[in-house]
Amino acid sequence: MSELWRPVSGVVLTAGLLTAACGGGGGGSASPAAQGAGPRVSVENCDGETATFDSPPGKIVTSNAAALEMLLRLGAGPKVIGTGFPPGKDALPAELADRASDVPVLGRTVIPKEKLLGSGADVYLQTFRPANGTSTGPRPEEFDAAGIEVVELLSTACPAEHPGPQEDLSAVMSDIERLGTLTGTSDRADEIVARMREKVDAVGERVAAVPEAERPTYFIFDFDAGTKQPSAVCGGQVANAVITLTGARNVFRDCDGTFEKTGWEDVVAKNPDWIQLTVRNRGSAAADEKVFDEAERFLKSFPATRGLTAVKKERFLRIRSERMTTPSVANAETVEQIARTLYPDRFQDVR
């Protein structure tokens, strides 16, 4: 798979930190640096500028649940002093949900500027950059005045600044490693990334022999984005990497950026082999299923889509959008889930 999108220099380390990060350790336990003493840490952002700290910072605010989940998995939850877009009910595994509930919610959606600047944070961890033309967030000089450094997730904050589509999860894995460096939990980050890579590589071995032209075409139907004009998942989105790794072909992989409004006539022209029904977390599996049912009924009754191959053969997958479109350990799990559905014969020996 192509790795054109892999950040070239996502983390800049001093020699002392590099030595510490490569040594053995106790998994998710914090290193001495995480306790407030340690060498300088510099993390590179989308535009090449760096956020630099004398030691791993101790107070972090996350912009949303995706960034928060990464820190919780790293064992850095005690460092998080607030979040926006908190995880909904049933959004996280049980072992993380309790820890997430201890994190103060600074905003149910975007954190108000005054709360963010007054939070006392050392770091604001940003999953997505604000949309062009919006001015709701603090300006760089306001972050500077508040003593807050902004650290961006490269996998989702800056795909438009890198050439080519995302076709693997290297950017997501790099983000986990960068956050491990930032929080002094590099050993834990290495373990997480190794498990993700093992899962993805195992799928790759099973689908590698399928010629590109024979790989099924795949369309993500984001029901929550509306039915009047469908939303296309483009090549720059993490979801494109997930689809590619399963041995499928995203029908809208050639559009620029991450998402783009399209027309039903374009979907019909591409006539996908499989359609993923995607909804946002409703708080329970039963509530999710109810909305998935609505999405399926729409495709089966809407004149423009009821004749599609995937609809007539009922080739649907039901997957929450959070597992596809935001950077997460779940991305690797979803690769396996989709591949098993698309290629059942290649996974007969796997339970």
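Worth saying up front: this structure is predicted, and the values here are computed from it rather than measured.

The rules behind each value
- Residues numbered from 1 in each chain as written.
- Predicted model: local features only at pLDDT ≥ 70, side-chain atom pairs only at ≥ 80, totals over all residues.
- Heavy atoms only, no water.
- Pairing = 2+ DSSP bridges.
- Helix = DSSP H or I, 4+ residues; strand = E, 2+ residues; numbered from the N terminus.
- Axes fitted to C-alpha atoms, helices over the stretch in contact; angles between N-to-C directions.
- Contact = heavy atoms within 4.5 Å.
- 1 Å grid on protein atoms, 1.4 Å probe; cavity = no way out; pocket = protein on both sides within 12 Å on 5 of 7 lines; lining within 4 Å.
- Points joined across faces, edges and corners; volume = space filled by probe spheres on them.
- Nonpolar A, V, L, I, M, F, W, Y, C, P; charged D, E, K, R; others polar.
- pLDDT = per-residue confidence, 0-100.
- Buried < 20%, exposed > 50% of the residue type's maximum accessible area, 1.4 Å probe, protein only.
- Disulfide = S-S within 2.5 Å.

Novice: Is there a simple way to think about the sheet that holds strand 4 (residues 60-62) in this case?
Specialist: Backbone-to-backbone hydrogen bonds pair the strands of a sheet. The strands run either parallel or antiparallel. Overall, parallel pairing links the 5 strands, which are arranged 6-5-4-7-8 in an open sheet. Every interior strand has two partners, whereas the edge strands, strand 6 (105-107) and strand 8 (149-152), have only one. Pairs of neighbouring strands in the sheet enclose a mean axial angle of 25°, with direction left out of account. Summarising the sheet, strand 5 (residues 80-84) and strand 6 pair through 2 bridges and their orientation is parallel. When the bridges of strand 6 are listed, Thr 83 appears paired with Val 105. Each of strand 4, strand 7 (123-126) and strand 8 touches helix 7 (residues 170-183); the most contacted strand, strand 8, lies at about 150° to it.

Novice: Just checking my understanding: could you explain empty space enclosed by the protein for this structure?
Specialist: Where empty space is left can be seen by rolling a probe of water-molecule size over the atoms. According to the stated counting rule, one finds 1 cavity of 30 Å³ or more in the structure shown. By volume, the largest cavity amounts to about 30 Å³. Taken together, Met 70, Arg 73, Leu 74, Ile 176, Ile 192 and Val 329 make up the full set of residues lining the largest cavity. Of the residues in the lining of the largest cavity, the class split is 5 nonpolar, no polar and 1 charged.

Novice: Looking at this structure, how should I read the confidence of the model for the protein chain?
Specialist: Any segment with low pLDDT has predicted coordinates that should not be analysed in fine detail. Looking at the protein chain, the pLDDT average stands at 87 and 86% of residues meet or exceed 70. Note on residues 1-36: pLDDT is under 50 here. Beyond four places in sequence and across chains, it has 66 contacts.

Novice: Can you help me understand the sheet that holds strand 13 (residues 274-279) in this one?
Specialist: Taken together, 4 strands build an open sheet; the order of strands is 11-9-13-14 and the sheet is parallel. Of all strands in the sheet, those with a lone pairing partner are strand 11 (249-250) and strand 14 (316-320), marking the two edges. Alignment of strand 9 (residues 217-222) against strand 11, held across 2 bridges, turns out to be parallel. Within the sheet, the bridge partner assigned to Thr 217 lies in strand 11 and is Arg 249. Running at roughly 140° to strand 14, helix 11 (residues 285-301) makes contact with strand 9, strand 13 and strand 14 of the sheet.

Novice: Hey, could you run me through the environment of Gly 120 in this one?
Specialist: Relative to the helices and strands, Gly 120 resides in the loop between helix 4 (113-117) and strand 7. The class for Gly 120 is partly exposed, based on a relative accessible area of 44%. In this structure, the C-alpha to C-alpha distance between Gly 120 and Lys 59, residues 61 residues apart in sequence, is 7.4 Å. Each residue touching Gly 120, except ones within four places of it in the same chain, is listed here: Lys 59 and Ile 81.

Novice: Would you take a moment to explain the environment of Cys 158 for this structure?
Specialist: For Cys 158, the position within the fold is in the loop between helix 6 (154-157) and helix 7. When its relative accessible area of 2% is taken as the criterion, Cys 158 is described as buried. Here the alpha-carbon distance between Cys 158 and Gly 257, two residues 99 residues apart in the chain, equals 9.3 Å.

Novice: How should I be thinking about the state of the cysteines in this particular structure?
Specialist: Joining two cysteines, a disulfide is a covalent bond between their sulfur atoms. Under the counting rule described, the total for this entry stands at 2 disulfides. The side chain of Cys 46 participates in a disulfide bridge whose partner is Cys 158; the two sulfur atoms lie 2.3 Å from each other. Between Cys 46 and Cys 158 the sulfur-sulfur dihedral comes to about -75°; the bridge is accordingly left-handed. Of this pair, Cys 46 sits in the loop between strand 2 (41-44) and strand 3 (50-53) while Cys 158 sits in the loop between helix 6 and helix 7, placing them 112 residues apart in sequence. One exposure class covers both Cys 46 and Cys 158, and it is buried. The side chain of Cys 234 participates in a disulfide bridge whose partner is Cys 255; the two sulfur atoms lie 1.9 Å from each other.

Novice: What's the story with the pairing of strand 7 in this structure? I'm lost.
Specialist: Side-chain positions along a regular strand alternate between the two faces of the sheet. Residues of strand 7 alternate between two faces, with Val 123 and Leu 125 on one and Tyr 124 and Gln 126 on the opposite face, all of them buried. By the bridge criterion, 3 bridges tie strand 4 to strand 7 in an arrangement that is parallel. For Ile 60, the partnering residue across the bridge sits in strand 7 and is Val 123.

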